[in-house]
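# Analysis of the macromolecular model
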Amino acid sequence: MSLRSALTLGLLAIHFSHAAQAQKEHTLRGVDPARAHHYQPNAQGNFQCLDKSLDIPFAQVNDDYCDCPDGSDEPGTSACNNATFYCANRGHIPGRLSSTRVNDGVCDYDVCCDGSDEWESSICPDRCAEMGSEHRRKAMEMERVQRAGSQKRMELIREAKELRQAKTKELAQKDSELAELTAKVENAEKRKLELEEKQRVANDASEKSHELRKQKLQDEYLGDMAGYRKLLGAELHQLRAHRDTLVLMLRSVRESHNKEYNDGAVIEALDAYAKFVDASPYIEQAAMEYADEDDRARRERQQQMDRDNEAQDDISVDACKTAIEIFENELETLNDDINMLFGILDKLRTGYDKNYHDLAVKAADVGLREFEEARKSDLAEIAEHQESNKIDTLRLRVQEAMAKHGELGTSNSSEDHDENGGNDSQLAEQLASARTEFWDLQSSLTRLNNEVSQLRELLERDLGPDDMYLAAKGACYSLDAGEYTYELCLLDRASQISKKDGSRQGLGSFDGFGDDSLDYTVLRFAHGTKCWNGPERSITASFTCAEEIKVVSVSEPEKCEYSAKMTGPFACPLAVLGEDEAQKEHVGDRVPVVDGPHQHSDAERIHDEL
Amino acid sequence: MNLKSPFRTRTTALFYFAATASLCLQGVLAVKKEDFKTCEQAAFCRRHRAFADAIVQASQSTISKGSSSNLAVPSSASPYIITSKSVHLEGHTLVATILHDTDKVPLKLEVIFLADGTVRIRLQEENPLIPRFDETQKHVLRDEGNTLEYASADSIGYSSETAGQSVVHTVCYTKEGNNFAVRLTEFPWSLAYMQDNKVVIEINHNGFFNFEHLRTKPDTSETNGVEGEWEETFRSWTDSKPRGPESFGVDIRFNGYDHVYGIPEHSASLSLKNTRGDKDGYGEPYRLWNLDVFEYELDSPMALYGSIPFMVAHNPNSTVGVFWLNAAETWVDVTREKSSTLSSLFRLSGSSKEQAVNTHWISESGIMDVFLMPGPSVSDLYKQYTALVESTPLPREFALGYHQCRWNYIDQDDVLAVSDKMHEHNIPYDVIWLDIEYTDGKRYFTWDSNNFPDPVAMQKQLSHDGHKLVVVIDPHIKHDSAYYVWKEGNEKEYFIKNKAKTDNYQGWCWPGESNWVDYLDSNAMEWTSGLYHLDKFNGSTTDLFVWNDMNEPSIFNGPEITIERDLKHYGGWEHRDLHNIYGMLYHKATYNGLRTRESPNKRPFVLSRAYFAGSQRYGAIWTGDNAASWDHLHASVRMVLSNNIAGMHFSGADVGGFFGNPEPELLTRWYQLGIWYPFFRAHAHIDTKRREPWVAGEPYLSIMREAILERYRMLPHWYTLFRETSLTGMPIARPMWMEFPKDTGLFAEERAFMVGSSIMVVPSTDPDISKPIDVAFPSKENWYDMHTYTSYFAPTKRQFTIDLAQTLVFVRGGSIIPTRERQRRASALMKYDPFTLYVYVSRDGTATGKLYLDDGETYDYEEGAFIERELLFVDSRLSSRPSAHTVETSAQRIFLEKMKKVRVERVVIVGLRSPLTRATVTEGDVVREIELSCGGSKASSECVVRDPAVLVSNDWEIAFS
């Protein structure tokens, strides 16, 4: 306190009267004590608006008329829409309230427990004693929770530290294994090539031998056949996905339509679909099994499938031929199924009664339209891919190979066999085993490569401050909520599981933390199963501090966009705070300054200046 | 997946997905037109149109034969004549008998003279085989039609004269300097309604009058179903028509007019287009038949959710109205006759052909009961119309605030979170709404206990901050013997019966199989009202209000998505007789239920989708399921205006558009327009994204908040406007012509409109922000931009290009507008806030305005508990005086005591040519000087009086110099 203000105070004290006391109370009403020194007449007997824009007669402070653009002349009334009312809240923590809430007839106890915001009518008795002690009780409870949560968080961090070390070690080890294995694969391949060359030379020598002819056929055609098989495989993936989409659409109509409306078109469609399901029940099961997959997961699975197929199908002309036949057969079936299912849905969409407002049926209508679009572009993509890989040429080659293979089969006689020298068969055996060894090693290499890149990815990704999510990554937590069980797997994926039939809808895979990865208490899961009439499903999970990781509630505020409340140590403060600090932090959470965002910055700027 | 999955061999050829591409992308919103009838598909409409065509043909052949008559005199081809010597005056009623020249069934014509110049024409069979439905008036007219004020017998003069081959009867009477006359011609029969010796409205001028009398069903099978007289099929539904044909139609001609308005609800043009023989018009008559039309089309005469058979004709000299009191299906054809300049040039008496609008009204059943209203001013016309059907009563004040709705806020926490977000973003709102999902399986009067475990606690939390809750309650009652509402309704036999009257009628709606209450039964009405009482509706509080949706009624599996016409109501009446008032009766039952649930009664708030003339007494309506498109934004103006023209003042359109996701610009523009709808509600379909004002972020949030705050600042003005309307019946949202009746350039204007008589709103309804907007400033008056105070000297035209944050709102010079400038969370929290008065000075330096306030919720205002001030600025003096309605009563004293601290905190005067320097306040005996500053922040012509501190309830004067 300056000498001058002390003097002024002293002088004031001399003239203290009841009226002056009341006057002072009046001018200081709603004033933050930190700013009280501004609320005294200056040398000219004026009040200067805190933004310094105006000098007004001091009597106009808190006179229920807004003079200052920043509202600073009316902290105690509602005259300015941008002022802040300070309530002392004796026995509790002081509050700051938007002055638009002063004298509006509402006791804003959440901010002003002393009821001073309604000073004009005095309708709000002071509740600070009870609210203060209740608040302190809650603060203590909160502190206890936070303390436990913090400890748990520290534990997770410790675990994560160990885990990271272990994983880093594992990576280093795998890296060296990888080098070894790569060398082995190279050797095996070399050996395979050598034997193949030997074989070729031997073949040249004995063209007529059956095995050799077969081998020659293989050498000449296997590559093209494998290429053709691969193209068919890619098409298969796409068409299976198309059929799955249609199946899920019809299934969802069946599950969710309003049975009471008795819409003829819906009944007809579901009858037709039921026949389809009866005839081939596994199709619906398969579609369901992968319903919650997102695009990435689907692609990964397909790649894995392709790799497995390669390993078993592309060893010999025989195996490859069988695979091609199976693929072609399945393609035909798929196209039949797709046409049939599409027909059912197409008939439904032209026939159903829009006025019934059956959302499930309308969803299928929209879904079908989207499906058509997607299918069109998928088919174009397949065609392009096949063309650029010269499928027509490959097909001719495969037909040639098939024909030759057929001839081989018919001329497969003991006489041929006898002609083969023992050397040849030995060589063939060697070659077969060299090939097997090479394929086996190659697939181990792929696997190891995968493991290494997964490990590397894990170690490089953002796992929260101090890797706090590392130890819990992939752990799943679920909540029973009415019709569904929700399952959230940390940093992995989320699903909605129907209690009726166990079917799963993917709510998305982990897509990052909240607020563009600034808020580590929020997990975002995106690109879940597409809603026919809406976006891909997604869910945002927000943590509040607690020791135990739990899903507290899940809601769907708009179609297919879910929101989960969770508890867990991830939202707990890092270190255990002292009691005062804990209280402050807690108050900051619960008793915000209630004022407008645009005014807020002004007020703060002023505050900073002071 | 296992590669070696089982596969089936198929012999069928491989189909390659044909015929799909062409089907794509038909997803744009479109009504299924084939679900709804055309006139051609409604046998009675078809018959009357054909009858009219035959008459026109016959008349034309008469003309070509060289007869002196032309269309300016009644057609002689009509088969109906007035029986000779049947015409006589009985008190205030002129009575006549009309006969068809071949069927000879006598029809009784009554022409009834009301004191205010309105003429009522009732026409029905003298001795019908069975009674015809005549109860509509009981449900529509003020006091059931029992207190109409008739012309006194001694004010009526009656004379008859023979003119050519016909006798003409003339009845004259005078009211307040206006001379009215009705001229009834016997052959061919027609009725001319005259004002100051000029024919303004003519009945049966064109000879389209055609009345189907009740008859016994012919035995012969071949006449069965001829022209759909005894049975009619539309799509899969057959209407059994046990009473046979009973429709009627007549032409009504507005003589000397080129514009007609009203007869909502259609998405049609404001000035009604022609419906026959005009390639720029519609191909169908305007249809009145309350329907739930999914994804309705714009610019169409198709029927929608409500029906008000009130039409207004306007020309620069007068405004007249016709009210066709019939609740059955009604079709209205509109055609125009252009004036013949040649004949008017030569002033050929008798044959001078004035421009006229011909309308042809066709109703399926009931009796013909028509009111002709003479105007001649707009306010006269609404006085006359209001005398018949009443005006909009003063609404509960909160209902004028902002309503936040969505299908659906999913649970209790969601509701409170939305409310908190509103607070967080400083967006005031009054009401949050719940759509159908809050119920237990669409059983109304129940709650989904999972999502709404404690609705009372939720309402208490909302009420704490001054908010209310509205929940939807629909008229379909789920057929479920375990559901108490169904059980009671069924036991008491309150449901509509099937056509054989053997069992309850059943149909499908949201809950599946449902029944509908028969509101023609007054006991059923009362029972329904009782369901809303607090002891009956669990989980409701007095801060819960109601939304009646689907009350056309909407029936998913019914003909045209509604109920069958031949179902039986109380008294044996068929549904066809009363369809268009069904929704209103439900609305009324709800209104009564809410009104009587507490004592003393408080004003209810009920939103309804279906409506009829009279619905304004029970609450608000909205324009139904619109879409998030710029077209719908634009069309909302004319739809709200048409409703206002027809007396349904408290109406609005869903802000944002119900179907689809509005882009942020569209949503922002919609808020900027929506604050000027009398009823201001944002709503969204369940499949749409959330779109509360904060969702789009900045800059949209701030702009939408600013719009909503403008609505709240203006609430005192809105409330005063509603008060005025409750007394005068005048529209609140007014077409431009209504305020500038002589400016023919404004007669078809359907973008700019007036809110009251002071504010012109020119909405921005174009996505292209750079497109200039034309504004015509009418009359010889100053107009002020409400936001910048820039003035425009009218008459003038300007073009404006505005950014998203700007809106075009202009105040007419000479207006005083009261506001409350303090931002609160809800209107209830503004109760004791001080007022600011904005004075927009006219060209001659004056201004007038009004301010009305009361407690906003009770009926105490009926006992005088209100403050109503006349504000006058003249000779540089602003004064406040009590209105003529102000009376000293004990209720008033109690109210004034409550308001004793409420003051005027600011006066802003805009448009002064020379700045003022002194202001002196006189309030009672006290005279004091107050601070005044001119050349304000916005314009040099602005002066602000700092806190005159005069009490709003006092007489005072501020003199400027």
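Rules used throughout
- Residues numbered from 1 in each chain as written.
- Chains lettered and ligands numbered in written order.
- Predicted model: local features only at pLDDT ≥ 70, side-chain atom pairs only at ≥ 80, totals over all residues.
- Heavy atoms only, no water.
- Helix = DSSP H or I, 4+ residues; strand = E, 2+ residues; numbered from the N terminus.
- Contact = heavy atoms within 4.5 Å.
- Areas by Shrake-Rupley, 256 points an atom, 1.4 Å probe, with all protein chains shown as cover.
- Lys, Arg positive; Asp, Glu negative; His and termini not counted.
- Charge placed at Lys NZ, Arg CZ, Asp CG, Glu CD.
- Domains from an automatic or database assignment.
- Buried area = accessible area lost by both parts, 1.4 Å probe.
- Polar contact = N/O pair within 3.5 Å; in protein donor to acceptor, adjacent residues only side chain to side chain.
- Nonpolar A, V, L, I, M, F, W, Y, C, P; charged D, E, K, R; others polar.
- Phe/Tyr/Trp six-rings, centres within 6.5 Å; stacked < 30°, edge-to-face > 60°.
- Buried < 20%, exposed > 50% of the residue type's maximum accessible area, 1.4 Å probe, protein only.
- Lys NZ or Arg CZ within 6 Å of the ring centre and 35° of its normal.
- Salt bridge = Lys/Arg side-chain N within 4 Å of Asp/Glu carboxyl O.
- Patch = residues over 30% accessible without salt bridge, like charges linked within 9 Å, V, L, I, M, F, W, Y side chains within 5 Å.
- Disulfide = S-S within 2.5 Å.
- Pairing = 2+ DSSP bridges.
- Core = buried A, V, L, I, M, F, W, Y, C linked by side-chain atoms within 4.5 Å.
- Axes fitted to C-alpha atoms, helices over the stretch in contact; angles between N-to-C directions.

A few words on the overall build of chain B. Scanning chain B from terminus to terminus reveals 15 helices and 51 strands. If you line up chain B on its principal axes, its C-alpha atoms span 95 × 90 × 60 Å. The contacts of chain B with a sequence gap of at least 6 include a subset with a gap of at least 24, amounting to 71%. For chain B, the computed accessible surface area is about 33,600 Å², with 50% contributed by carbon and sulfur atoms. Positive and negative charge centroids in chain B, built from 99 and 126 side chains respectively, lie 2 Å apart.

Residues and elements named next belong to chain B. For chain B, the assigned domains read domain 1 (43–215 + 230–389) and domain 2 (736–960). On a C-alpha basis, the centres of domain 1 and domain 2 stand 42 Å from each other. Each partner contributes residues to the interface: domain 1 has 13 residues there, and domain 2 has 9 residues. The contact between domain 1 and domain 2 buries some 900 Å² in all, and 68% of this surface belongs to carbon and sulfur atoms. Among the residues domain 1 hides against domain 2, the three largest losses belong to L270, H314 and P316. Together they make up 50% of the total. Counting across the domain 1 and domain 2 interface gives 5 residue pairs in polar contact (both at pLDDT 80 or more). Taken together, the elements giving at least two residues each to the side of domain 1 that touches domain 2 come down to β15 (259–262), β17 (310–314) and α4 (378–389). Split by residue class, the side of domain 1 that touches domain 2 holds 6 nonpolar, 7 polar and no charged.

Moving on, we come to the packing of aromatic side chains. Residues and elements named next belong to chain B. The full count for this structure, using the stated rule, is 76 aromatic pairs over all chains. Plain terms: the ring middles of F113 and Y173 are 5.5 Å apart, the flat faces sit at 70 degrees to each other, and that makes the pair edge-to-face. In this pair, F113 is assigned in strand β4 (residues 107–113) and Y173 in strand β7 (residues 166–175), connecting sequence segments 60 residues apart. Taking relative accessible area as the criterion, F113 reaches 0% and is therefore assigned buried. Here W407 and F658 contribute two aromatic rings whose centre-to-centre distance is 6.3 Å and whose plane-to-plane angle is 5 degrees, an arrangement assigned as stacked. A residue pair is termed long-range when its members are at least 10 positions apart, and W407 in the loop between β22 (403–404) and α5 (412–424) and F658 in the loop between β31 (651–652) and α11 (664–674) qualify at 251 residues. Of the aromatic side chains, those joined through ring pairs into one cluster are F398, W433, F545, W547, F605, W622, F650, F679 and F722. Lying across the ring of F545, R597 places its NZ or CZ 5.0 Å from the centre. Lying across the ring of W718, R711 places its NZ or CZ 4.2 Å from the centre.

Once that is clear, we can look at the interface of chain A and chain B. Residue-level contacts link 75 residues of chain A with 68 residues of chain B. Buried area between chain A and chain B, both sides added, is near 6,200 Å², and the carbon and sulfur share of it is 48%. Taken as a group, Y65, N355 and H357 of chain A account for 11% of the area that chain A buries against chain B, more than any other trio of residues on that side. At the surface where chain A touches chain B, the tally comes to 9 salt bridges. Two residues, D67 of chain A and R946 of chain B, come together in a salt bridge whose shortest N-O distance is 2.5 Å. There are 22 residue pairs in polar contact (both at pLDDT 80 or more) connecting chain A and chain B. At the level of secondary structure, the elements contributing two or more residues to the side of chain A that touches chain B comprise α4 (210–256), α6 (281–289), α7 (295–313), α8 (317–351), α9 (359–388), β11 (550–558) and α15 (597–609) of chain A.

Residue and element names in this part refer to chain A. Together, E155, E159, E162, E547 and E548 give the surface a local cluster of negative charge. With respect to the secondary-structure elements, E159 resides in helix α3 (residues 128–205). Looking at E159, the relative accessible area reads 40%, which means it is partly exposed.

What follows concerns the environment of I436 of chain B. Residue and element names in this part refer to chain B. Looking at the secondary structure, you find I436 in the loop between β23 (431–434) and α6 (455–464). Distance in space between the C-alpha atoms of I436 and P79 is 54 Å, their sequence separation being 357 residues. Excluding anything up to four places from it in sequence, I436 contacts W407, N408, K442, Y444, V472, D474 and W510.

Counted by the stated rule, this structure contains 9 disulfides over all chains. The partner cysteine of C49 of chain A in its disulfide is C68 of chain A, sulfur to sulfur 2.0 Å. Classification of the bridge connecting C49 of chain A and C68 of chain A rests on its S-S torsion, roughly -80 degrees, and on that basis the disulfide is left-handed. Of this pair, C49 of chain A sits in the loop between β1 (46–48) and β2 (55–57) while C68 of chain A sits in the loop between β2 and β3 (84–87), and the two are 19 residues apart along the sequence. The exposure class assigned to C49 of chain A is buried, which follows from its relative accessible area of 1%. The connectivity of the disulfide bonds within chain B can be written as 1-2, 3-4, using the sequence rank of each bonded cysteine. Unpaired in terms of disulfides, C509 of chain B finds its nearest cysteine sulfur in C405 of chain B, a separation of 17 Å.

All right, on to the pairing of strand β27 (residues 512–516) of chain B then. Residue and element names in this part refer to chain B. In terms of residue burial, β27 counts as a mostly covered element, since 4 of its 5 residues are buried. Of the strand pairs in this sheet, strand β25 (residues 476–478) and β27 are connected by 3 bridges, and their pairing is antiparallel. Bridge pairing links K478 to S514 in β27. Pairing between strand β26 (residues 507–509) and β27: 3 bridges, direction antiparallel. Paired with W508 across the bridge in β27 is E513. Counted along the chain from β26 to the antiparallel partner β27, the turn is 2 residues long.

The next subject is the nonpolar core. All names here are of chain B. F323, F605 and W676 are the most contacted members of the largest nonpolar core, which has 221 residues in total. If one sorts the elements of this core by residue count, helix α9 (residues 575–595) sits on top with 9 residues. Here this core spans two domains, since at least three of its residues come from each of domain 1 (43–215 + 230–389) and domain 2 (736–960). Once residues within four sequence positions are removed from consideration, F605 is found in contact with F398, A399, H403, W433, V470, F545, V546, L594, A620, F650 and F679. Listed in part, the 55 residues of the second largest apolar core include V119, L184, F211 and L272.

The next thing to look at is the pairing of strand β12 (residues 561–568) of chain A. All names here are of chain A. Examined bridge by bridge, strand β10 (residues 538–545) and β12 share 8 bridges and lie parallel to one another. In the sheet register, S542 faces β12, and the bridge partner there is K565. In terms of strand pairing, β11 meets β12 through 6 bridges, oriented antiparallel. Its bridge partner lying in β12, S555 is registered against S563. The turn linking β11 back onto β12 is made up of 2 residues, and C560 within it adopts a positive phi angle of 70 degrees.

With that settled, the discussion passes to the sheet that holds strand β46 (residues 903–910) of chain B. Residues and elements named next belong to chain B. With mixed pairing, the 11 strands of this open sheet are ordered in space as β48-β47-β51-β45-β44-β43-β41-β42-β46-β50-β49. The open sheet terminates on both sides in strands that have one partner only, identified here as β48 (926–930) and β49 (932–934). With strand direction ignored, the average angle separating the axes of adjacent strands in the sheet is 20 degrees. Relative to strand β42 (residues 835–840), strand β41 (residues 815–819) is paired through 5 bridges, and the arrangement is antiparallel. From the neighbouring strand, S815 faces β42, where its bridge partner is Y840. Contacts from helix α15 (residues 890–898) reach β43 (847–854) and β44 (866–874) within the one sheet, and its direction differs from that of β44 by about 70 degrees.

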